[in-house]
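Chains, contacts and geometry: an overview
Okay, here's what each chain looks like letter by letter:
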2 protein chains.
Amino acid sequence: MINEQLINPKSIVVVGGSDDIQKPGGKVLKNLLDGCFAGDLFVVNPKAENVQGAKTFKSVEDLPQVDLAILAIAAKFCPASVRELAENKGTKAFIILSAGFHEESEEGARLEQEIVDIINANNGCLIGPNCVGVMNSNHQGVFTTPIPKFDPMGVDFISGSGATAVFIMESGIPNGLTFSSVYSVGNSAQMGVEDVLKYLDETYVEGKSSKVKLIYVESINKPEMLLKHASSLISKGCRIAAVKSGSSEAGSRAASSHTGALASPDVAVEALFRKAGIVRCGGRQELSTIASIFMHPELKGKNIAVITHAGGPAVMLTDVLSNNGLNVPPITSPKAKNLLEKLFAGSSVANPIDFLATGTAQQLGDIIDACENDFDEIDAMAVIFGSPGLFPVYDVYEVLDRKMKECKKPIYPILPSVINVKDEIEAFLAKGRINFPDEVVFGAALAKVYNTPKPAVLDADSYSLDVAKIRKVVDEAENGYLLPEKVQELLDAAGVPRAKEMVVDTPAACVAALNEIGYPVVMKVVGPVHKSDVGGVVLNVTDQETALKEFERMMKIKDTTAILLQPMLSGTQLFVGAKQEGDFGHLIFCGLGGIFIEVLKDVTAGLAPIGINEAHDMIHRLKSYKIIAGARGQEPVNEDQYAEIIARVSALCKVAPEIFEMDINPLLGTRDKVVAVDARIRIEK
Amino acid sequence: MINEQLINPKSIVVVGGSDDIQKPGGKVLKNLLDGCFAGDLFVVNPKAENVQGAKTFKSVEDLPQVDLAILAIAAKFCPASVRELAENKGTKAFIILSAGFHEESEEGARLEQEIVDIINANNGCLIGPNCVGVMNSNHQGVFTTPIPKFDPMGVDFISGSGATAVFIMESGIPNGLTFSSVYSVGNSAQMGVEDVLKYLDETYVEGKSSKVKLIYVESINKPEMLLKHASSLISKGCRIAAVKSGSSEAGSRAASSHTGALASPDVAVEALFRKAGIVRCGGRQELSTIASIFMHPELKGKNIAVITHAGGPAVMLTDVLSNNGLNVPPITSPKAKNLLEKLFAGSSVANPIDFLATGTAQQLGDIIDACENDFDEIDAMAVIFGSPGLFPVYDVYEVLDRKMKECKKPIYPILPSVINVKDEIEAFLAKGRINFPDEVVFGAALAKVYNTPKPAVLDADSYSLDVAKIRKVVDEAENGYLLPEKVQELLDAAGVPRAKEMVVDTPAACVAALNEIGYPVVMKVVGPVHKSDVGGVVLNVTDQETALKEFERMMKIKDTTAILLQPMLSGTQLFVGAKQEGDFGHLIFCGLGGIFIEVLKDVTAGLAPIGINEAHDMIHRLKSYKIIAGARGQEPVNEDQYAEIIARVSALCKVAPEIFEMDINPLLGTRDKVVAVDARIRIEK
């Protein structure tokens, strides 16, 4: 568990601190000395004295009690130092910068485990090894630059990669992004990204803690912990954006060669982020742009006023917003006329509100006031103001800053003239403001934030399952595909409606079954896995003679042990699936059957447990949703029943986590009901 | 026509030049004086002498002969000055910076037309009014900053918006983008973006002219000219990227309120750009990133080596490349082993090639050499090299610059540490290099460039149309929907195969037709436009009794004049459409019918003329293409015939441009043939 000694130590020792500031041990010491750390700072260096002017000891044994130890010595020397510090110096927090551990060799992995064992035994916490360190407004225990501006309401940033953490800061700082804390977790030997997030959640204090969390991660080792604490933080009003890289197959290979990360399958990551309410980013610029959006008041609606003194960027911003689900609505308020009178001839208040190249600071203030107070249809303002380089625009940016303080609606500053009014932009940033230099990059990010759902709330179960029956079937099952009758038992126990079906293996039984089910029927072989491919499915059999002829033929198909008879139902073909995905638990899938799943890959996924509301959301996200809703006068599918089946399959997987893979395909959906026609379930214990 | 006097004048007058450099007239003069213009520079100002030290005249009448006039005086004074200059001073080129013309009022529009008439009558050329000017390596006739670095091989940049031109330069210059020329065309009263492109095409000299063209435009007024000269330039080896803003409905409204632009429908723009081979961009950063890619050697294949000293950015770059159609292939060359021996332990040459945080300049050189010479599977290299801030990296960037000179394969520098090694990056840019600070922004742009097809080459027609017959039908037609028999005549004349059909209006004729066509048949009402909606379509009629009963019923449907009988065909439902799109000509559409067009909107568009190859490309771009190709053992559609029908519809529209709208829906496609079953054609003369 992350502890106070790591975050706000009274004393720090740099083991391996030196005078060479081109090496980690020297640079971390320099950063600590240059920074704001106010406690005791010690150095251990057997060969030098008074390193960089700090109190220097020959060995860790010579040290007094010390809260936090930062190690920058060769891997093989780390365990002994850690032991001495943990056992004899009361050290409860460790940052190990050194590489050469499990990312490099088996011997390194052994050293790493030894260190973790020592620290665990002494109830301490460990960041690293193989990391750049930790910094916040108490100390800057990192060996890299830049050191950002710290602000309690700035970004809490956790990174699984040290260099990437540096590059992400370099992407955000020039535009004014500030930080509250930065954690580089390196090999995550003890504390990983998820543990840091847990700490931020458990120590969150409304009004005192930052509301913005950023994450860069290459592998998610503790998905449940991440989901729990991300959802919890967001429910408290925080906002979280994350890059999980390695989304492509080649990218996963790349990630695997880095820090020994094993990439989690990407669909599960996507589903987890959606469920938690985390905004997923693809790169550094997007992450820092979204962090910058998070540093503004929350966008509460989709209607944006684009305020500009130049047409082009306003048009591009309007395009990207309205092509991505946000609105730039025409302003219809009668008070628009009052505003127009305050602007120069030729201005427009239609939205974009264009007050021309000659527009003044005073006019900008008037426009913002109107959007804040008069135009109820507006939820937020994007202000585009650059310069062709004729005169300074300090006055404009001062008004902008003042209005941002006064207004409740978010105001996003888009200041494109990073050359022409560089000084004015710097003065604006110095006030704690953030600039979005490119309106389209901003607009795409804003839409992404707006379109990311809130954390899923699991609704109370409105249905019950026969848990005992399910456990009995699964406990008795062996690994592999369940027999059809066992599949039926599970579906019945889970409350998934299914087509009546009978399995027969003699002509006489076939005739009896036909009499019970009635015509037309569907006949399927029992035994072969890919039934269609071996000619093992016959549809629409309407008489006994045909049925018996097909029975004879089908029983001869390889691996066939019996024939299954079902009524020939009609309706829209649907699909529900589930798949065990390691530590992530079960992914639940839904979609339309046939070409929709096979050709168009129109499937949505959710991470179990999926309640009724999330199931509806999964259905609504299908590209072919309109077909379920009943497009062009066609019969709709009973969506409530479909959603309930999705939720029941999720509940089934919770009761029977041994379900490794399961497909109900097809289900047939009509206005009245949704019925499972065929299903396969594979058990892996 | 753009002329030499605009591009490389011997003399320039600034009419309205002043000492106030916060005004356009003063600033343009300052830019000209500060810049490299080597000819005679005059000022006209009735109130001041010796303005900014330049030779100053009280009025235009006093001027000697002058090649280029730049006007920064009130709109109402412009016509008289232009007349004097054009008629008496031999001035052949005009740049009018002033606003207050057709973008503002009817009176302004009149003034603008008067000026154009004068200049046309004197065979001159006009840039503007309402623009920021023109600049190149001969003169900097603009009233804005920044003035970029000029290089004959830099970017030729044409912008329909002055402020946007400034902001685009401000986006590209900090990363090292250089320019060959910049044109701000303002109101495009005489010369528009298209005319400038025409000039660049007609004066293109291999080896002397820049190969990179950028365009920002809010409305395309001369689509044919743009298509012709963009295709031509690209065929000569040039590369063109463009932003056409106003792609959304709201964005079009925004564009309309700016420079009086009327946005063209966006599908037509998309189709035109694709046909021309123009890379379409959505914003300033994307445009300048793609321009920066264009400044490197052409990417000839899809296999990229990602070379890095830090894992994270390499993984993100690999993700974005491989998720967008490019490859980061494993390196399998036996020579990879030799390379690995030159790197530090723990490095990887699997691709990404990771030479670790400790990697040296020498090692980078070795890696690049191996990719250039030994690894045949590699088409280009992306080199990621930042810094955690411990020591300078001048040596690395020097090797990078040297290798970029030596290598034939493109090398893209991704230098993320814009803070830590700012000075080193500046030194690198000073050598004429360009930096891509964000690997994901770069990767998305590279994929977009790679995925943009070359200009379409219209293949020779392999089929003929009965032009005389088509013209006869169209000439005789009135505006509105053609009668079914006329539609049939056009399809026959265009060589589009169609289902046999007969139109009957008595029961006796119905019986005769049934005997000729055979069963089963389809029956449709003639008259109503939306036949299905009024119950006017009956499928699969298998006997005479049913047919006659339906005949009686259907004849009573409102507006019905007769019943059409067709054989009941089977096959995959396809769709071909055409629509007149103003100056763009005809858009041709294809797709699958039914839900594919109605629910999934899976339609591709091309700009006529569409040859066989482009038609195949349209078919291949369908998301549902696999169904046409025969997914999961289903019968495929005869793609050659389908493509030919698309091309024939395009050819029909060329012969009969009065076709305002036309649908063939459905066509039924089988392995053997594709047959039109129903069609509507609307004529607008």
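Here goes a summary of the coordinates provided. (Residues numbered from 1 in each chain as written. Chains lettered and ligands numbered in written order. Predicted model: local features only at pLDDT ≥ 70, side-chain atom pairs only at ≥ 80, totals over all residues. Heavy atoms only, no water.)

Let us look at the overall build of chain A. Within chain A, the regular secondary structure consists of 24 helices and 28 strands. Its C-alpha atoms give chain A principal-axis dimensions of roughly 100 × 80 × 40 Å. Out of the 685 residues in chain A, the part that is buried amounts to 60%. Taking as baseline every contact in chain A between residues at least 6 positions apart, the subset at least 24 positions apart corresponds to 71%. In the structure as shown, chain A presents an accessible area of about 26,300 Å², 51% of it carried by carbon and sulfur atoms. Here chain A carries 67 positive and 86 negative side-chain charges, and the mean point of each set is 1 Å from the other. (Helix = DSSP H or I, 4+ residues; strand = E, 2+ residues; numbered from the N terminus. Buried < 20%, exposed > 50% of the residue type's maximum accessible area, 1.4 Å probe, protein only. Contact = heavy atoms within 4.5 Å. Areas by Shrake-Rupley, 256 points an atom, 1.4 Å probe, with all protein chains shown as cover. Lys, Arg positive; Asp, Glu negative; His and termini not counted. Charge placed at Lys NZ, Arg CZ, Asp CG, Glu CD.)

This part is about the nonpolar core. The nonpolar side chains of a soluble globular protein tend to be buried with one another. Judged by nonpolar contacts, the single largest core of 105 residues is most densely connected at Tyr642(A), Ile646(A), Tyr642(B) and Ile646(B). With 10 residues, the top contributor of residues to this core is helix α24 (residues 639-655) of chain A. Excluding anything up to four places from it in sequence, Tyr642(A) contacts Leu574(A), Phe575(A), Val576(A), Cys590(A), Gly591(A), Ile619(A), Ile628(A), Val637(A), Leu667(A) and Val674(A). Of all hydrophobic cores here, the second largest spans 90 residues; its members include Ile384(A), Ala291(B), Ile304(B) and Val440(B). (Core = buried A, V, L, I, M, F, W, Y, C linked by side-chain atoms within 4.5 Å.)

Moving on, we get to the sheet that holds strand β9 (residues 150-159) of chain B. Residues and elements named next belong to chain B. Taken in spatial order, the seven strands make up an open sheet running β8-β7-β10-β9-β11-β12-β13, and their pairing is mixed. Edge positions in the sheet fall to β8 (140-142) and β13 (279-281), since each has one partner strand and no second. Taking each pair of neighbouring strands and ignoring which way they run, the sheet shows an average axis angle of 20°. Bridging between strand β11 (residues 212-217) and strand β12 (residues 239-244) involves six bridges; their strand directions are parallel. Its bridge partner being in β12, lysine 213 is matched across the sheet by isoleucine 240. Sitting on the sheet, helix α9 (residues 266-276) is in contact with β12 and β13, with an inclination near 140° to β13. (Pairing = 2+ DSSP bridges. Axes fitted to C-alpha atoms, helices over the stretch in contact; angles between N-to-C directions.)

With that settled, consider the interface of chain A and chain B. Between chain A and chain B, the contact holds 82 residues from the first and 80 residues from the second. The contact between chain A and chain B buries some 6,000 Å² in all, and 59% of this surface belongs to carbon and sulfur atoms. At the boundary of chain A with chain B, the tally comes to two salt bridges. Between Glu439(A) and Arg284(B) there is a salt bridge; the shortest N-O distance is 2.8 Å. Where chain A touches chain B, the interface holds 27 residue pairs in polar contact (both at pLDDT 80 or more). Counting residues per element, the ones that place at least two in the side of chain A that touches chain B are α2 (24-34), α5 (162-172), α8 (249-256), α10 (284-294), α11 (311-322), α16 (439-451), α21 (595-598) and α23 (625-629) of chain A. Residues belonging to the side of chain A that touches chain B are distributed by class as follows: 38 nonpolar, 30 polar and 14 charged. (Buried area = accessible area lost by both parts, 1.4 Å probe. Salt bridge = Lys/Arg side-chain N within 4 Å of Asp/Glu carboxyl O. Polar contact = N/O pair within 3.5 Å; in protein donor to acceptor, adjacent residues only side chain to side chain. Nonpolar A, V, L, I, M, F, W, Y, C, P; charged D, E, K, R; others polar.)

Looking now at the environment of Ser650(A). All names here are of chain A. Mapping serine 650 onto the fold places it in helix α24. Owing to a relative accessible area of 3%, serine 650 belongs among the buried residues under this scheme. The spatial distance from the C-alpha of serine 650 to the C-alpha of glycine 606 is 9.4 Å, given a sequence separation of 44 residues. Each residue touching serine 650, except ones within four places of it in the same chain, is listed here: Ile588, Ala608, Pro609 and Ile610.

This brings us to the pairing of strand β24 (residues 586-592) of chain B. Residues and elements named next belong to chain B. Of all the seven residues making up β24, seven are buried; the element is thus mostly covered by neighbouring parts of the structure. Here β24 shows a buried face lined by His586, Ile588, Cys590 and Leu592 and a second buried face lined by Leu587, Phe589 and Gly591. Strand direction decides the pairing type here: strand β23 (residues 572-580) and β24, joined by seven bridges, are antiparallel. Residue pairing in the sheet places phenylalanine 575 in a bridge with glycine 591 of β24. Direction of pairing for β24 relative to strand β25 (residues 603-607): antiparallel, over a ladder of five bridges. Each bridged residue has a counterpart across the sheet, and for glycine 591 the counterpart in β25 is valine 603.

Geometric values such as these leave the question of function open.
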